[in-house]
Amino acid sequence: MQLTILGKYGPFPKQGGATSSYLLNCNGKNVLIDMGAGSFSRLIKIVKPEDLDVIVLSHFHFDHTSDVGVLIYYFQSLFNKGYDKKPLVICPDSGGALAESVISCPYFEVLTVSGGEITFHDELSFEIFEMKHPVPTIGVKISDGEKTFAYTGDTNLCYSVDDLFENSDLVLADGAFLRKDWGENLPHLSVEHILEFTEKYGNKSIISHINPKYTQEEIEDVIKNYKNCQLAQEGKTYTI
Ligand SMILES: [Zn+2]
Ligand SMILES: [Zn+2]
């Protein structure tokens, strides 16, 4: 399994950056996870959108889905020329104009979920978890039978965070706050929480959804003594 970071910021990017978007390649299958601002042009440097097998959208906040609107235009142009292969889109059932455009999109095979397990072509399994965020949000564990990758989406503390860390090889986690700014009623975890979960479950983690108000040095200073935890780097590919 290989994970490429297309965009690591939220709720908006630093100059030249993009918001949440990740490409997972498992046994030749391409799984796009979230599609935030600026991710479409980075995606097409690596794969053609028609080569995406599955698109997982954790929730319909714009920093995770704003480029899905242009992806729909891309597929519209293909379908107008007779193309008819639809990628599977897994997302929560949610309101709002963008969610409605995706859920009713004639170019996607859409599955709205809040939990449970989905098997794709007997090769990949997707285990879905409900997360703690102001709008319906899913976390996902993706397994190819050998390795398991987990993504928290946006979330604060809840039992699903434990479920995602347990028995996963690598967890891509929402680290939008440093502990000094975190609160239990806020919508995100802190970097320090991710370090604690990574220690507890003995796996590896990548901290993403980086808040542009922090410098890279500020976050790296907090994680520097944790060898199993790293800060997401845009454009980098990680082998799981
Ligand atoms: Zn977000
Ligand atoms: Zn969000």
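Here the structure is a predicted model, which means the values were calculated and not measured. (Residues numbered from 1 in each chain as written. Chains lettered and ligands numbered in written order. Predicted model: local features only at pLDDT ≥ 70, side-chain atom pairs only at ≥ 80, totals over all residues. Heavy atoms only, no water.)

### A look at the coordination of the zinc ion (ligand 2)
Phase 1 of the analysis: Summarising the metal site, the zinc ion (ligand 2) is bound by the protein donors His59 (NE2), His61 (ND1), His133 (NE2) and Asp154 (OD), whose distances to it range over 2.1 to 2.3 Å.
Phase 2 of the analysis: Of note, the donors binding the zinc ion (ligand 2) are all from one chain and are spaced H-x1-H-x71-H-x20-D.
Phase 3 of the analysis: Between the zinc ion (ligand 2) and the zinc ion (ligand 1), a separation of 3.4 Å is found, and both are coordinated by Asp154. Of the two residues, His61 sits in the loop between β4 (54–56) and α2 (62–65) while Asp154 sits in the loop between β10 (148–151) and α5 (159–165), which places them 93 residues apart along the sequence. (Donors = N, O, S within 2.8 Å, 3.2 Å for Na, K, Ca; no water. Helix = DSSP H or I, 4+ residues; strand = E, 2+ residues; numbered from the N terminus.)

### Regarding helix α6 (residues 191–201)
Phase 1 of the analysis: Where α6 is concerned, the buried positions are Val191, Glu192, His193, Ile194, Leu195, Phe197 and Thr198.
Phase 2 of the analysis: Considering only its buried residues, α6 is in contact with α5, β11 (170–174), β12 (204–208), α7 (216–223) and β13 (229–231). (Buried < 20%, exposed > 50% of the residue type's maximum accessible area, 1.4 Å probe, protein only. Contact = heavy atoms within 4.5 Å.)

### Here's the deal with the coordination of the zinc ion (ligand 1)
Phase 1 of the analysis: Those protein atoms acting as donors to the zinc ion (ligand 1) are Asp63 (OD), His64 (NE2), Asp154 (OD) and His209 (NE2), and they sit at 2.1 to 2.2 Å.
Phase 2 of the analysis: Around the zinc ion (ligand 1), the 4 donor atoms sit at angles spanning 86 to 163 degrees, and that spread fits a shape best called irregular.
Phase 3 of the analysis: Spacing between the donor residues of the zinc ion (ligand 1) along their common chain follows D-H-x89-D-x54-H.
Phase 4 of the analysis: Looking at Asp154, the relative accessible area reads 2%, which means it is buried. (Tetrahedral: all angles 85-135°; square planar, octahedral: opposite > 155°, others 65-115°.)

### A word on empty space enclosed by the protein
Phase 1 of the analysis: Tallied over the entire structure, the rule returns 1 cavity of 30 Å³ or more.
Phase 2 of the analysis: Size it by volume and the largest cavity reaches roughly 40 Å³.
Phase 3 of the analysis: Forming the walls of the largest cavity are Ser20, Tyr22, His64, Tyr151, Gly153, Asp154, Leu172, Ala173, Asp174, Ser208 and His209.
Phase 4 of the analysis: The leading source of residues in the lining of the largest cavity is β11, at 3 residues.
Phase 5 of the analysis: Residue classes in the lining of the largest cavity are distributed as 4 nonpolar, 5 polar and 2 charged. (1 Å grid on protein atoms, 1.4 Å probe; cavity = no way out; pocket = protein on both sides within 12 Å on 5 of 7 lines; lining within 4 Å. Points joined across faces, edges and corners; volume = space filled by probe spheres on them. Nonpolar A, V, L, I, M, F, W, Y, C, P; charged D, E, K, R; others polar.)

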